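# Reading the structure
Okay, here's what each chain looks like letter by letter:
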Amino acid sequence: MKKNPHMPDVDDLQSIAGNGLLDRRLFLKTGLTFSVATLAASAVPKVISAKDIDSPIDPANPPWLHEPGAPFSIYGTPSKYEDEVVRFPTANRDVSGNGVSWTPLHKLEGTITPSGLHFERHHNGVPQVDPAQHKLLIHGLVRNPSFFNIEDLLRYPMQSRICFVECGGNSNAGWNKSPAKAEAGYFHGLVSCSEWTGVPLATILNEVGVTEKAKWLITEGADAFAMNISIPIEKAMQDGMLALYQNGERIRPENGYPLRLILPGWEGVLNVKWLRRLKATDKPIMARNETSRYTELQPDGKARMFTFVMEAKSLITSPSANMILKQPGLYQITGLAWSGRGKIKEVEVSADGGKSWAEAELQEPVLSQSLTRFRVPWQWNGKPAILKSRATDETGYVQPERDKLIAERGRHGFFHYNAIVTWKIDEEGVVNHIYDEKDITKTTDDISIDSGWD
Amino acid sequence: MMKKTLQRLLTISVLIAAGIKKALSMSSLSSIRHSSILPLPPEEGRGGVKQNNFSAFSLPLPPGEGRGEGKNLLAVLLIFSFLNPVHANPPQSPNLGQPASPEEIAHWDIGIMPDGEGLPEGKGTAQAGKAIYEKHCVACHGPEGAGGTADPLAGAKMALTSDYPEQTIGSYWPYATTIFDMTRRSMPMTAPGALSNNEVYAVTAYLLYLNNIIGEKDEMNAGTLPQVQMPNRDGFINVYELEEKKK
């Protein structure tokens, strides 16, 4: 590795936790932003190592310096060189519209998910809803049952808020006996974060006059599944939103155009897309997606039901599974943390398999129920290393180790997997997903308990 | 700055109060809902000072922000809301909803509650349901409710406490009404909503029969279906309720 004149000698850097973890403020103190970016870029996936993209072009005189560029476009798209930054769909083979697509978290930075990369969970495809033909009906235990059309909803006073939406089944491969080998986003990427803008649900519920008997809202989408599910009216009144915009533009069809429910911090399935009906009732409807699915079978045979809140979770997105560190040196470990209960208070990172921990820097602003970016500098000495991250939220809840989660919940809950994620880096710099140190050598008895997305 | 805003809001509140008073003197619900004296949003609904005032007035306050100012404003609004004896739609809201008639609601509402509320007329037995299942369901769910790419519906052999628990209608689902609700709204995936009420009753009966919960000739209808006792009815812990109690 070439010596960077702007960088302090690595021997001068004080470790604050085992195996090379450095003070989180190092990059801020020394203003090494550029150097760091260069180094972090070497943690790239196998498929595009720097030498593959070497080209005979003279970088001092590239062709784009000497010919007119492309004309204006009416809607921008990513660079053609970024065509691997895509969602990863896994659908039922008999019903192509039933499944999920994963956000490539391992290829993204910052905290806002581009709308076109927001994860998807559809039960029977993406409907192309004509907003002029779409109405929201609110009825049941209300004084003034009413229809609202989209044009009228657009006239209401709106609010914006940034929050994550996470599928209750995100990271479910973690329940499997053997560690999944997919890239980080392709088994933790059923979480995305957007700025949602819309009408506070409380505004509309106050207008229709919800009666005192009403405790639940039964929601229904306008897709071919007519997806329905019950939500407590208390949450709806507290911070529920009838969202019309995502990241500044009208919500994309696959995210619920023209109208979706947003319930910050709660299971994705409750954030009903293509929303068409809300019925106030005194009890839940016991729909399929709150009984047969989105409930978690425990070791004693009982199942947890109405587990709405997504608990605190974190994972390192770089370096992460299937990336390669090209040489020893200074790296930035970066990742995401989030909690459905509020703000992330702290993220700790370990490079020695959890023996010692260093506090990571949290990117401001840290927002409630939103993806929070953490970063910490790390001096990799070229020897095997085991990386972990551990989130604590403002309620004091600490993300559990996998052993602890499984001891508590068993392995058959399918939903709400939020254990600490472990990456092992070998001498070659190859990053692998493991559960614990033993796993890397263990012969695989991979009997998947992932029962799919039907 | 805050004081100025508050003053402005108070002025608007007084104006609204006057509006309500005038509306009340007309003494009809609809005149309150549609009175032009009430501050309706500007036609375009975007931008402009007028809209800003209006927004400040109508939005529920974000948690943890602007609390002090908000409390005063809320107090003012609360006082004025008592002046309104009919408790019509909140006057500070745009009120753009159109009334939904009982007929329209009945036409829209396809949900089935666990006590049977919403179940339509019609009936069916497992005997009739078998043919419908084999026509519309078998491709994904497999013969007799198992072995397809979709959720297994019947034939569970391994207990819920085993290493390989099988979660089927018979072993797991707590309510029989859920089968009807889901089948009618979502199934078959190629043509959801295509089955008649009689067909849905019949398929529901067949699935219950495959799980040894009812007999082959037992008729399922709006009266009998909610009475079916599901084996795993008490197999669930209501986590939300538990957490609410703790608060």
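Residues numbered from 1 in each chain as written. Chains lettered and ligands numbered in written order. Predicted model: local features only at pLDDT ≥ 70, side-chain atom pairs only at ≥ 80, totals over all residues.

Quick look at the overall build of chain A now. Counting its secondary structure elements, chain A contains eight helices and 28 strands. Long-range contacts, defined here as pairs at least 24 residues apart, represent 73% of the contacts in chain A between residues at least 6 apart. (Helix = DSSP H or I, 4+ residues; strand = E, 2+ residues; numbered from the N terminus. Contact = placed C-beta atoms within 7 Å.)

Right, let's get into the nonpolar core. L242 of chain A together with A205, Y206 and L207 of chain B are the most contacted members of the largest nonpolar core, which totals 156 residues. For this core, the element with the highest residue contribution is helix α9 (residues 197-210) of chain B, accounting for 10 residues. Dropping the residues within four chain positions of it, L242 of chain A is found in contact with L153, G198, V199, L201, I204, L259 and L261 of chain A. (Core = buried A, V, L, I, M, F, W, Y, C linked by C-beta atoms within 7 Å. Buried ≥ 20, exposed ≤ 12 C-beta atoms within 10 Å, placed from the backbone.)

Before going further, it helps to examine the sheet that holds strand β26 (residues 385-393) of chain A. Residues and elements named next belong to chain A. One open sheet holds the five strands; their spatial order is β23-β22-β26-β27-β28, and the pairing between them is antiparallel. Strand pairing shows two members of the sheet lacking a second neighbour, β23 (358-359) and β28 (431-434), which therefore form its edges. The pairing of strand β27 (residues 422-425) with β28 spans four bridges and is classified as antiparallel. Among the inter-strand pairings, T422 is bridged to a residue of β28, identified as I434. (Pairing = 2+ DSSP bridges.)

Residue and element names in this part refer to chain A. In the segment running from S318 into P319, the intervening peptide bond is cis, with an omega of -5 degrees. Relative to the helices and strands, P319 is located in the loop between β19 (313-318) and β20 (323-324). Of note, the bond from E364 into P365 is cis; its omega dihedral lies within 30 degrees of zero at -5 degrees. On the secondary structure map, P365 appears in the loop between β24 (361-362) and β25 (372-380). In this model, M286 sits at a positive phi of 60 degrees, which is unusual for a non-glycine residue. Here M286 is to be found in the loop between β16 (275-281) and α7 (288-291). One non-glycine residue, F306, adopts positive backbone phi at about 55 degrees. Locating F306 in the fold gives a position in the loop between β18 (303-305) and β19.

What follows covers α9 of chain B. Residue and element names in this part refer to chain B. If you check α9, its first and last C-alpha atoms are 20 Å apart, about what 14 residues at 1.5 Å a residue would give, namely 20 Å. When you tally the buried positions in α9, you get 12 out of 14 residues, the bulk of the element. Among all positions in α9, only E199, V200, Y201, A202, V203, T204, A205, Y206, L207, L208, Y209 and L210 are buried. On the buried face of α9, the contacting elements are β2 (123-124), α6 (126-136), α8 (177-186) and β3 (220-221). (Expected span 1.5 Å × (residues − 1).)

Right, let's talk about the confidence of the model for chain A for a bit. Residue and element names in this part refer to chain A. Mean pLDDT for chain A: 91, with 87% of residues reaching 70 or above. Within the model, the stretch residues 1-6 combines pLDDT values under 50 with five contacts to residues more than four positions away or in other chains. Contacts of residues 32-42 to residues separated by more than four positions or lying in other chains number 17 contacts, the stretch itself having pLDDT below 50. (pLDDT = per-residue confidence, 0-100.)

All names here are of chain A. Counting through the fold element by element, R161 comes out in strand β9 (residues 159-166). The class for R161 is buried, based on 20 C-beta atoms found within 10 Å. In the structure, R161 is positioned 269 residues away from V430 in sequence and 38 Å away in space, judged by C-alpha atoms.

So, about α8 of chain B. Each α-helix winds once per 3.6 residues, and so residues spaced three or four apart point in a common direction. Of all 10 residues that make up α8 of chain B, 10 are buried, and the element is covered over most of its length. Buried within α8 of chain B are the following residues: T177, T178, I179, F180, D181, M182, T183, R184, R185 and S186 of chain B. Contacts made by the buried residues of α8 of chain B are with β12 (228-232) and α7 of chain A together with α9 of chain B.

For the rest of this paragraph, the subject is the interface of chain B and chain A. Counting from both sides, the interface comprises 52 residues of chain B and, opposite them, 53 residues of chain A. Of all elements in the fold, only α3 (49-58), β1 (98-99), α5 (102-108), α7 (138-141), α8, β4 (236-238) and α10 (239-246) of chain B reach the threshold of two or more residues within the side of chain B that touches chain A. Class assignment of the residues belonging to the side of chain B that touches chain A gives a composition of 31 nonpolar, 17 polar and four charged. In terms of strand pairing, β18 of chain A meets β4 of chain B through three bridges, oriented parallel. Paired with A303 of chain A across the strands is F236 of chain B, a residue of β4 of chain B. (Nonpolar A, V, L, I, M, F, W, Y, C, P; charged D, E, K, R; others polar.)

Our focus in this paragraph is the sheet that holds strand β6 (residues 120-122) of chain A. The pairing of strands in a sheet happens through backbone hydrogen bonds and is either parallel or antiparallel. Residues and elements named next belong to chain A. Strand order in the open sheet made by the three strands is β4-β5-β6, with antiparallel pairing throughout. Both outer strands of the open sheet, β4 (88-91) and β6, are each paired with one neighbouring strand and no more. If you compare each strand with its neighbour and ignore which way they point, the axes differ by 10 degrees on average. One ladder, built from four bridges, connects β4 with strand β5 (residues 99-102); its direction is antiparallel. Among the inter-strand pairings, P89 is bridged to a residue of β5, identified as S101. (Axes fitted to C-alpha atoms, helices over the stretch in contact; angles between N-to-C directions.)

All names here are of chain B. Counting all residues, the mean pLDDT for chain B is 76, and 63% of those residues have values of 70 or more. Ignoring residues within four places in sequence, the model shows residues 1-6, a span with pLDDT below 50, making four contacts including any to other chains. Note on residues 9-87: pLDDT under 50 across the span, and 71 contacts to partners over four residues away in sequence or across chains. Reported for the predicted complex are a pTM of 0.83 and an ipTM of 0.89.

Turning our attention to the packing of α6 of chain B against α9 of chain B. All names here are of chain B. Where α6 contacts α9, the axes come no closer than 7 Å and their chain directions differ by 100 degrees. When the axes of α6 and α9 are compared, the pair comes out roughly perpendicular. Taken together, the residues of α9 that come into contact with α6 (itself represented by A126, A128, G129, K130, I132 and Y133) are E199, A202, V203, A205, Y206 and Y209. Across the contact of α6 with α9, the residue classes break down as nine nonpolar, one polar and two charged. (Parallel < 35°, antiparallel > 145°, perpendicular 65-115°, else oblique.)

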